[in-house]
Amino acid sequence: MLNLLTSTQIRQADSHTISKDQISSIDLMETAAVAFTDIFTNQYPQKSTSISIYCGTGNNGGDGLAIARQLKQRGYSAISVKIARFTDKASPEFDANLKRLAEVDVAPVEIKNDNFEGENAVVVIDALLGTGLSRPVEGYYRALIEFLNKIPAKIVSVDIPSGFCCEDHIDPKAAVIHSDLTITFQLPKINFFFPESGAAINRFEIADIGLDEEFLAGQDSHFKLIRREDVQKILRPRKQFSHKGTFGHGLIVAGSDQTMGAALLCAEACMQTGAGLTTACIPPQGLAGLNARIPEIMAIIRERSFTFTDLEKYNAIAAGPGLGYSEETVKLIKDMVLKSQVPLVIDADALNMLSQRLEWLKKLPDYSILTPHMKEFDRLFGQHNTWWGRVETAKKKAAENQLIIVLKNRYTFIVMPDGKVCINPTGSPSMSTGGMGDVLTGMIVSFLAQGYEPKDAAILGTYIHGYCGENYPGYICPPSALVKNIPIKISEIMGENWL
Ligand SMILES: NC(=O)C1=CN([C@@H]2O[C@H](COP(=O)(O)OP(=O)(O)OC[C@H]3O[C@@H](n4cnc5c(N)ncnc54)[C@H](O)[C@@H]3O)[C@@H](O)[C@H]2O)[C@H](O)CC1
Ligand SMILES: [K+]
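Residue numbers run consecutively from 1 along every chain, following the written order of its sequence. Chains and ligands are labelled sequentially in the order written, the chains with letters from A and the ligands with numbers from 1. Whole-chain, interface and lining totals are the exception, using all residues; otherwise, since this is a predicted model, local features are given only for residues with pLDDT of at least 70 and side-chain atom pairs are given and counted only at 80 or more. The side-chain quantities take in all heavy atoms of the structure and omit both hydrogens and water.

Visitor: Sorry if this is basic, but what is going on with the overall build of the protein here?
Guide: For the purposes of this entry, the term helix denotes a DSSP run of H or I that reaches at least four residues, the term strand denotes a run of E that reaches at least two, and both are numbered from the N terminus. Across its full length, the protein holds 16 helices and 18 strands. With respect to the principal axes defined by its C-alpha atoms, the protein has extents near 80 × 45 × 40 Å. Burial classification: accessible surface area is computed with a 1.4 Å probe over protein chains only, and a residue below 20% of its type maximum counts as buried, one above 50% as exposed, and the rest as partly exposed. A burial count over the protein gives 58% of its 499 residues as buried. When checking whether two residues touch, look at their non-hydrogen atoms; a contact exists if any pair is within 4.5 Å. Partitioning the contacts of the protein with sequence separation of at least 6, the portion at a separation of at least 24 is 74%.

Visitor: Looking at this structure, I do not really get the coordination of the potassium ion (ligand 2). What am I missing?
Guide: Where a metal carries four tetrahedral donors, each ideal angle is 109.5 degrees; where it carries six octahedral donors, the ideal angles are 90 or 180 degrees. Every protein donor of the potassium ion (ligand 2) is listed here as N60 (OD1), D126 (O), L129 (O), V158 (O), I160 (O) and S162 (OG), and their distances to the metal cover 2.6 to 3.1 Å. One can describe the donor arrangement at the potassium ion (ligand 2) as irregular, given that its six donor atoms subtend angles of 66 to 175° at the metal. Only nitrogen, oxygen and sulfur atoms qualify as donors, and only when within 2.8 Å of the metal (3.2 Å in the case of Na, K and Ca); with water excluded, sites may look incomplete. All donors of the potassium ion (ligand 2) belong to a single chain; written as a sequence motif, their spacing is N-x65-D-x2-L-x28-V-x1-I-x1-S. Of this pair, D126 sits in strand β5 (residues 123-127) while S162 sits in the loop between β6 (154-158) and β7 (181-185); the two residues are 36 residues apart in sequence, bridging distant segments of the chain. Since its relative accessible area comes to 0%, D126 is described here as buried. Donor angles set the geometry label: tetrahedral for four donors if every angle is between 85 and 135 degrees, square planar for four and octahedral for six if opposite donors exceed 155 degrees and the others are between 65 and 115, irregular for anything else.

Visitor: Looking at this structure, I do not really get the site of ligand 1. What am I missing?
Guide: Throughout, the term near means that a residue has one or more heavy atoms lying within 4 Å of the molecule or strand in question. Near ligand 1 you find 23 residues, and of these D14, D63, G130, R135 and D159 are the closest. As used in this structure description, the phrase polar contact means that two N or O atoms lie within 3.5 Å; if the pair is within protein, one of them must be able to donate a hydrogen and the other to accept it, and residues adjacent in sequence are counted only when both atoms belong to side chains. The contact in question runs from an oxygen atom of ligand 1 to an N or O atom on the side chain of K89, over 2.9 Å. Between a nitrogen atom of ligand 1 and a main-chain N or O atom of S134, the distance comes to 3.0 Å. We get accessible surface area from the Shrake-Rupley algorithm with a probe of 1.4 Å; when it comes to residues, only the shown protein chains can shield them. Taking 850 Å² as the accessible area of ligand 1 by itself, protein coverage stands at 86%. Elements that contribute at least two residues to the shell around ligand 1 include exactly α1 (7-20), α2 (25-43) and α3 (59-73). Among the elements that line the shell around ligand 1, the one with the most residues is α3, at three residues.

Visitor: Honestly, the nonpolar core in this entry has me stumped. Any pointers?
Guide: The nonpolar side chains of soluble globular proteins are, as a tendency, buried together. Core analysis: the biggest nonpolar cluster contains 57 residues, and V253, M336, L370 and F413 have the highest contact counts within it. Boundaries between domains were set according to an automatic or database domain assignment. Mapping this core onto the domain boundaries places at least three of its residues in each of domain 1 (16-219) and domain 2 (228-494). What M336 contacts, discounting residues up to four positions off in sequence, is V253, F308, L311, I317, A319, L344 and I346. Each nonpolar core is a collection of buried residues, namely Ala, Val, Leu, Ile, Met, Phe, Trp, Tyr and Cys, held together in the definition by side-chain atoms within 4.5 Å. Formed by 56 residues, the second largest nonpolar core is a distinct cluster that contains I252, A316, M436 and V439.

Visitor: Even after reading the chapter, I still don't get the pairing of strand β12 (residues 298-301), so can you show me in this structure?
Guide: Successive residues of a regular strand alternate their side chains across the two faces of the sheet. Relative to β12, strand β11 (residues 277-282) runs parallel, the two sharing four bridges. What sits directly across from I282, in β12, is I301. Note: two strands are recorded as paired if DSSP finds a minimum of 2 bridges between them.

Visitor: Whenever I open this one, the environment of V156 confuses me. Can you help?
Guide: Tracing the backbone shows V156 in strand β6. Excluding residues that lie within four positions of it along the chain, V156 makes contacts with F36, F40, Y44, V123, V124, I125, D126, L181 and I183.

Visitor: Help me understand the sheet that holds β5, please; the structure alone is not making it clear to me.
Guide: What the seven strands build is an open sheet, ordered β4-β3-β2-β5-β6-β7-β8; its pairing is parallel. With partners counted over all chains shown, the strands left at the sheet margins are β4 (109-111) and β8 (204-207), one partner each. Neighbour-to-neighbour, the strand axes of the sheet open up by a mean angle of 20°, direction not taken into account. Lying on the sheet, helix α5 (residues 139-150) is in contact with β2 (51-55), β3 (79-84), β5 and β6; it crosses β2 at an angle near 160°. Fitting a line to C-alpha atoms yields each axis, with helices limited to the stretch in contact; the angle taken between N-to-C directions then spans 0 to 180 degrees.

Visitor: Please explain the UniProt feature "domain: YjeF N-terminal" (unreviewed entry) in the protein as it appears in this structure.
Guide: UniProt positions are given in the numbering used here, feature names are shortened, and annotations may be inferred rather than shown by experiment. Under the local residue numbering, the UniProt record ascribes the feature "domain: YjeF N-terminal" (unreviewed entry) to residues 10-217. Segment residues 10-217 splits into 35% helix and 16% strand. End C-alpha atoms: 11 Å apart.

Visitor: How should the pattern of salt bridges be read in this particular structure?
Guide: Any two side chains of opposite charge can pair, on the condition that their charged atoms come close. Each salt bridge in this description consists of a side-chain nitrogen of Lys or Arg and a carboxyl oxygen of Asp or Glu lying within 4 Å of one another. Within this structure, the stated rule accounts for 28 salt bridges. We note a salt bridge from D38 to R74, for which the minimum N-O separation is 2.8 Å. Highlighted residues: D38 in helix α2 and R74 in the loop between α3 and β3, separated in sequence by 36 residues. Accessibility expressed as a relative area gives 36% for D38, which makes it partly exposed.

Visitor: I would appreciate a short explanation of the packing of aromatic side chains in the present structure.
Guide: In this description, an aromatic ring pair is defined by two values, namely the gap between the centres and the angle between the planes. A pair of Phe, Tyr and Trp rings is counted when the ring centres sit within 6.5 Å of each other, with Trp represented by its six-membered ring. The angle between the planes then sorts it: under 30 degrees is stacked, over 60 is edge-to-face, the rest tilted. For the structure on display, the rule yields 18 aromatic pairs. Here F164 and F192 contribute two aromatic rings whose centre-to-centre distance is 5.6 Å and whose plane-to-plane angle is 65°, an arrangement assigned as edge-to-face. In this pair, F164 sits in the loop between β6 and β7 while F192 sits in the loop between β7 and β8, placing the two residues 28 residues apart along the sequence. Across this residue pair, the class does not change: F164 and F192 are buried. Centroid distance Y463 to Y467: 6.4 Å. Interplanar angle 15°. Geometry classified as stacked. With Y463 and Y467 both in helix α15 (residues 454-470), this residue pair falls four residues apart, about one helical turn. Accessibility assignment for this pair places Y463 and Y467 in one class, buried. In this structure an aromatic cluster arises from ring pairing among F164, F192, F193, F204 and Y411. A ring has a charge above it when a Lys NZ or an Arg CZ is no more than 6 Å from the ring centre and no more than 35 degrees off the ring normal. Residue placement shows R390 over the ring face of W387; its charged tip is 4.9 Å from the ring centre.

Visitor: Looking at this structure, I do not really get the state of the cysteines. What am I missing?
Guide: Defined simply, a disulfide is a covalent bond joining two cysteines at their sulfur atoms. A pair of sulfur atoms, both from cysteines and within 2.5 Å, is called a disulfide here. Taken as a whole and judged by the stated rule, the model has zero disulfides. C165 carries a free sulfur, and the closest cysteine sulfur to it, the one in C166, is 7.3 Å from it. The class for C165 is partly exposed, based on a relative accessible area of 24%. Considering cysteine sulfurs only, C468 is the nearest to C477, which forms no disulfide, with 8.0 Å between them.

Visitor: What exactly am I supposed to notice about the environment of E376 here?
Guide: Considering the arrangement of structural elements, one finds E376 in helix α12 (residues 374-381). In the structure, E376 is positioned 82 residues away from I294 in sequence and 29 Å away in space, judged by C-alpha atoms. Every residue in contact with E376, bar those within four places of it in the chain, is listed here: D347, A348, L351, N352 and T371.

Next comes the structure, spelled out in structure tokens:
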């Protein structure tokens, strides 16, 4: 997993690298400027593109000056540099790069107040403020940021959008540059994965500046980014002499008269993800649809006052998709919660039942997996104003109840009982359709049934679910199409050793 660090830790990595590699901070700044410019010129290869570089007077601004020189030296002919001289403070690296700018005869314009004349560059490079942000942006900086957010130019931010806070609660009223592209140094910043950053970061790219990998990996951090290689390490190839019993038996407790579709999607996902056997515990009306659509799935019919008699024959149980919320289904879930000896995956209506009966949280088998979206989370654990707050609560609740909480959003947070927050990078807006959650639940319970540890089942299910969705060749990805792709995408991720 990729260790995600705070801005303070990244600064420590800076100085560690500077002393270890016997370089100066101006050398590191030059490396950063070159790495930024490489990505930038790929994005804007036209050398006549008009580019205005707005520089603060710290090292973010210093980067901006070095980037201006790099662009000039690479033949970009329409470069202008504007320095936000709102304070008489300037970093030594900024001053050094200001001198070097003269070598390429770019004469910067100084902005000393808030009368910004018209800006008609096609691209603005935002090098005003970086990770040195230490307080909310006010005064001339705020006015300049608001001015730049209004002009038609594309904005490319250096390291982070100016005014953006890299970790902790994101204040929706803060003045932050709305960047079309953020080229960040070495690591994505933790808040890049929080929904509130959407306005400031349309997309981001990583510029490797050679910080000491060992040092970065050795830093203590809750936040980890799941990478393909992590998933490849967890996935097990299937042995030649295996049979359906080798891959477990998953039980899906789902569906009601009007919402059988969720049960079908969840059950099929469990089967397509590789469970040896899948049984769906469904209402009588659902049987015909189940058999017609997915003949591989066995059924237990939930007649009136149904109770579980042989839960022990299942390696993993998922409950909730389309289950409906009635006296009958509450009794059913209570029966399951009290009787099950295996980790449960609790989703949708079963989560809503939990939120009315929080005492059940402690009764769930250890390492059971909750898969709430934002609203289900707040119903369970109270209203939250920020996602940072939600993740803090999720860490607390996961530890208190020995649970895994899969807090779904564009970058799903998988919160482990030990406080680790594994962030899933896969997925796409094409997946924002009803039924996606049902599929995810089926995938997670399938990996549980196959004998994967609960934390690994949550990671595999979430990563591969998003991977299937983001690789679907369509404007939207119908969940019933996604499930058909699961086996092919798992083997694609595993590469040649999938068999
Ligand atoms: N390893 C790396 O990522 C590298 C990053 N580099 C660049 O350095 C900046 C961080 O530079 P720093 O000098 O620490 O601060 P900033 O330039 O971000 O800010 C300048 C200065 O502004 C003052 N300030 C803080 N908050 C505010 C505010 N709200 N309003 C006004 N002024 C504010 C404060 O005094 C800051 O010092 C990083 O982002 C990268 O761009 C290195 O160049 C290479 C390695
Ligand atoms: K910036």
